[in-house]
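# Summary of structural features
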Amino acid sequence: MTMTLQGRLLEVGPTDNTSDQRTPRKRLRLIPQAARESFVPYIPQQAVTRQGENDLTRIAPGAPRAQGTPIEVSGRVCTQTGQPVRHALLEIWNANMFGRYTHIEDHSGIQLDPNFLGLGRVTTDDEGRYTFWTISPGAYLARPDIGRYRPKHIHISLSGGSSRLITQMYFPGEENNATDPMATLMGDAFERNVGQVYETPHIDVHHGYRFDIVVGGRNATFFED
Amino acid sequence: MSANDKQNMLFPTNEDTVGPYFPIYFRDERLEDLTSIHPGLIVAPEGKHIILRGRVLDRHGDLANGVVMEFWQANAKGVYRTPAHADNPDLDPWFNGYGRLRSKAGEYSFRTIFPGSSKGRAPNITLTIFSDGINRVVTQVFFEDAEGNDTDSLLSSLSEEDKPKLIARHDGRTADGAEVYLLDIIMAGDQETPFFDDLVS
Ligand SMILES: [Fe+3]
């Protein structure tokens, strides 16, 4: 049996209006070999992180603690062949404990916390490891019309070298995990996006979540030899 | 890569949607205009200044608001700044080729230099789009009347009907010394922009 290679047909997230409006309906096209290299961006190192930017539990070093449960999130970033993704930039954003973002376009009217911005940055070290602290986010009502909540999650954008990934870390045992449209599309693979609880020795945070990130696809390994 | 290596590959973390609230706080203006390093510096990339401008539209023809766009291109001499070309004398010390912007409404304007042709390719800019409800999608933008469009391997892989959807139209205007090119991206529907699969191919 021979199989003809085809590009993916993207799926529309169930009960998700924006997914319906924006998901390409045609099968993705295959990239001809002669054009392949031009599809591998190489993102320059961006030295933008500042002191304290990996601690989202405070607006600035020494400032008061935000409300809610302070948690640690840590892990290792690597490619599918296990090579560490070094000095990559992680941009992190999450809602406060009540489920509100400080983003100017979040019009939910949910309570803000004057001690929480929910924005952070960290770069991976020589082994591809990262650690940041934040407040455990609240689930929020994403679709008031049908009463659908987005489960607790932390947004992470990762960029560095030829690795590029925007993803979300979910929390184990959350009741809204099962009904989330994007989680539904992931199927059994959703488990890879769930942080695993660990005890942390740091007394300033309640507990930790281990979230190892594996950057997939051919782009991430294009320049590995 | 051998079949055996493939079996030992780790499972990738799932891509997930950027959601509606990509932080504008993370904006970096230096990534929205690649024609200059800093207004206070006399050094700058070589090449003709252009502005690539347009709208990102959804299935209904409405602006797909809340869009993060990333751009990747060769310098004026057609050289990409990648590890494979680290020793290339035609690298431009003032040009990385990576840009990013976040558009609130779906309209975008990216200032850069006209990319050179590389390895028989027509001048092009690789475009990555993130938006609420979808994961990353990628395509390439070409330029009206550019040399090499007729023989470009990627454009040639498309139907005659699809080719113009990736060719930015020369607006005939200049803005702040840059020639303006226009291209709308249509995420879904009859006039859908061709997108490419960089995970499978
Ligand atoms: Fe969110």
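Residues numbered from 1 in each chain as written. Chains lettered and ligands numbered in written order. Predicted model: local features only at pLDDT ≥ 70, side-chain atom pairs only at ≥ 80, totals over all residues. Heavy atoms only, no water.

Note the threshold: UniProt positions are given in the numbering used here, feature names are shortened, and annotations may be inferred rather than shown by experiment.
For chain B, the name recorded in an unreviewed UniProt entry is Protocatechuate 3,4-dioxygenase alpha chain, with Pseudovibrio axinellae as its organism. What UniProt states about chain B under its Sequence similarities (unreviewed entry) heading is, verbatim, "Belongs to the intradiol ring-cleavage dioxygenase family."

Labelled according to an unreviewed UniProt entry, chain A appears under the name Protocatechuate 3,4-dioxygenase beta chain, originating from Pseudovibrio axinellae. Turning to chain A, the UniProt annotation filed under Sequence similarities (unreviewed entry) states: "Belongs to the intradiol ring-cleavage dioxygenase family."

### Some words on the overall build of chain A
Here is the rule: For helices the rule is a DSSP run of H or I covering at least 4 residues; for strands it is a run of E covering at least 2, with both sets numbered from the N terminus onward. C-alpha atoms define the radius of gyration in this analysis, and the globule rule sets the expected value at 2.2 Å times the number of residues to the power 0.38.
In terms of helices and strands, chain A carries two helices and 11 strands. Secondary structure elements of chain A, listed N to C terminal, follow the sequence α-β-β-β-β-β-β-β-β-α-β-β-β. A globule of 225 residues ought to have a C-alpha radius of gyration of about 17 Å, and chain A, at 19 Å, matches this closely. Projected onto the principal axes, the alpha-carbon positions of chain A cover approximately 60 × 45 × 30 Å.

### A word on the coordination of the iron ion
For a metal with four tetrahedral donors the ideal donor-metal-donor angle is 109.5 degrees, whereas six octahedral donors ideally subtend 90 or 180 degrees. Residues and elements named next belong to chain A. Our working rule: Metal donors were taken as nitrogen, oxygen and sulfur atoms no farther than 2.8 Å from the ion, or 3.2 Å where the ion is Na, K or Ca. Water is excluded, so coordination may look unfinished. A four-donor site is classed as tetrahedral when every donor-metal-donor angle falls between 85 and 135 degrees; four donors are called square planar, and six octahedral, when trans pairs exceed 155 degrees and all remaining angles lie between 65 and 115, with any other arrangement labelled irregular. Exposure is judged per residue with a 1.4 Å probe applied to protein chains only, and the accessible area is read against the type maximum: over 50% gives exposed, under 20% gives buried, and values in between give partly exposed.
Around the iron ion, the donor atoms from the protein are Tyr101 (OH), Tyr140 (OH), His153 (NE2) and His155 (NE2), and they sit 2.0 to 2.2 Å away. Angles of 89 to 160° at the metal separate the four donor atoms of the iron ion, which places the site in the irregular class. When the donors of the iron ion are listed by position in the chain, the intervening gaps give Y-x38-Y-x12-H-x1-H. In this pair, tyrosine 101 sits in the loop between β2 (89–93) and β3 (119–123) while tyrosine 140 sits in strand β5 (residues 140–143), placing the two residues 39 residues apart along the sequence. Here the two residues tyrosine 101 and tyrosine 140 agree in accessibility, since each one is buried.

### Remarks on the side chain of serine 74 of chain A
Residue and element names in this part refer to chain A. Cut-off, in case you're wondering: Throughout, a residue-residue contact means that at least one pair of heavy atoms, one from each residue, lies within 4.5 Å.
Position of serine 74 among the secondary structure elements: in strand β1 (residues 70–79). Residue serine 74 is classed as buried on the basis of its relative accessible area of 11%. Sequence-distant contacts of serine 74, that is, excluding residues within four places in its chain, are made with Tyr130, Thr131, Tyr198, Tyr209, Arg210 and Phe211.

### What to know about the interface of chain B and chain A
One frequently used descriptor of interface size is the decrease in accessible area upon assembly of the parts. Cut-off, in case you're wondering: Here the quantity called buried area is the total loss of accessible area, with a 1.4 Å probe, experienced by two parts when brought into contact, counted for both. N or O atoms within 3.5 Å of each other form a polar contact, as long as, within protein, one can give a hydrogen and the other can take it, and as long as residues adjacent in sequence are counted only when both atoms are side-chain atoms. Throughout, the ten residues Ala, Val, Leu, Ile, Met, Phe, Trp, Tyr, Cys and Pro are labelled nonpolar, Asp, Glu, Lys and Arg are labelled charged, and all others, Gly among them, are labelled polar.
Between chain B and chain A, the contact holds 73 residues from the first and 74 residues from the second. Buried area between chain B and chain A, both sides added, is near 6,400 Å², and the carbon and sulfur share of it is 58%. Viewed at the interface, chain A and chain B are joined by 38 residue pairs in polar contact (both at pLDDT 80 or more). Among the elements that take part in the side of chain B that touches chain A, strand β6 (residues 134–143) of chain B stands out by supplying six residues, more than any other. Within the side of chain B that touches chain A, the residues separate by chemical class into 33 nonpolar, 21 polar and 19 charged.

### Observations regarding the UniProt feature "domain: Intradiol ring-cleavage dioxygenases" (unreviewed entry) in chain A
Taking the UniProt record as the reference, the feature "domain: Intradiol ring-cleavage dioxygenases" (unreviewed entry) is found at residues 73–101 of chain A. Secondary structure across residues 73–101 of chain A comprises 0% helix and 41% strand; the distance between its end C-alpha atoms is 19 Å.

### Remarks on the side chain of glutamine 168 of chain A
Residues and elements named next belong to chain A. On the secondary structure map, glutamine 168 appears in strand β8 (residues 163–170). At 2.6 Å, the side chain of glutamine 168 forms a polar contact with the side chain of arginine 150. Among the polar contacts made by the side chain of glutamine 168, one reaches the side chain of tyrosine 170 at a distance of 3.3 Å.

### Here's the deal with the pattern of salt bridges
Residues and elements named next belong to chain B. We apply this condition: The working definition used for a salt bridge is a side-chain nitrogen of Lys or Arg within 4 Å of a carboxyl oxygen of Asp or Glu.
In this structure the tally under the stated criterion is 30 salt bridges over all chains. Here aspartate 28 and arginine 30 are joined by a salt bridge, their closest N and O atoms 2.9 Å apart. Of the residues examined, aspartate 28 reaches a relative accessible area of 17% and is grouped as buried. Here lysine 77 and aspartate 90 are joined by a salt bridge, their closest N and O atoms 4.0 Å apart. You can see lysine 77 sitting in the loop between β2 (67–73) and β3 (98–103) and its partner aspartate 90 sitting in the loop between β2 and β3, a full 13 residues away along the chain.

### What about the sheet that holds strand β7 (residues 153–160) of chain A?
By definition, the strands of a sheet pair up through backbone hydrogen bonds, in either a parallel or an antiparallel sense. Residue and element names in this part refer to chain A. For the record, the criterion: Two strands qualify as a pair provided DSSP detects at least 2 bridges between them. Every axis in this analysis is a line fitted to C-alpha atoms, fitted for helices over the stretch in contact. Angles between the N-to-C directions lie between 0 and 180 degrees.
Across the sheet, which stays open at both edges, the four strands sit in the order β3-β2-β7-β8 with antiparallel pairing between neighbours. Each edge of the open sheet is held by one strand with a lone partner, namely β3 and β8. Each strand of the sheet is rotated relative to its neighbour by a mean of 20°, with strand direction disregarded. Pairing geometry for β2 and β3, over five bridges, is antiparallel. Considered in β3, the bridge of isoleucine 92 is made with glycine 120.

### Regarding the confidence of the model for chain B
Spelled out, the test is: What pLDDT conveys is the predictor's confidence in a given residue, as a value from 0 to 100.
A residue-level look at chain B finds 97% of positions with pLDDT of 70 or above and a mean pLDDT of 95. Both scores are available for the predicted complex, with the pTM at 0.96 and the ipTM at 0.96.

### Looking at the environment of leucine 56 of chain A
Residue and element names in this part refer to chain A. Positionally, leucine 56 belongs in the loop between α1 (17–22) and β1. Residues leucine 56 and histidine 107 lie 51 residues apart in sequence; the distance between their C-alpha atoms is 22 Å. Contact partners of leucine 56, with chain neighbours within four places excluded, come to Ile92, Asn94, Phe116, Gly118, Leu119, Gly120, Phe132, Trp133 and Thr134.

### Some points on the pairing of β3 of chain B
Regular strands place side chains that alternate from one sheet face to the opposite one. Residues and elements named next belong to chain B. Counting buried residues along β3, six of its six residues qualify, which places the element largely inside the surrounding structure. Side-chain alternation along β3 places Tyr98, Arg100 and Arg102 on one buried face and Gly99, Leu101 and Ser103 on a second face that is also buried. Relative to β3, β2 runs antiparallel, the two sharing six bridges. From the neighbouring strand, tryptophan 72 faces β3, where its bridge partner is tyrosine 98.

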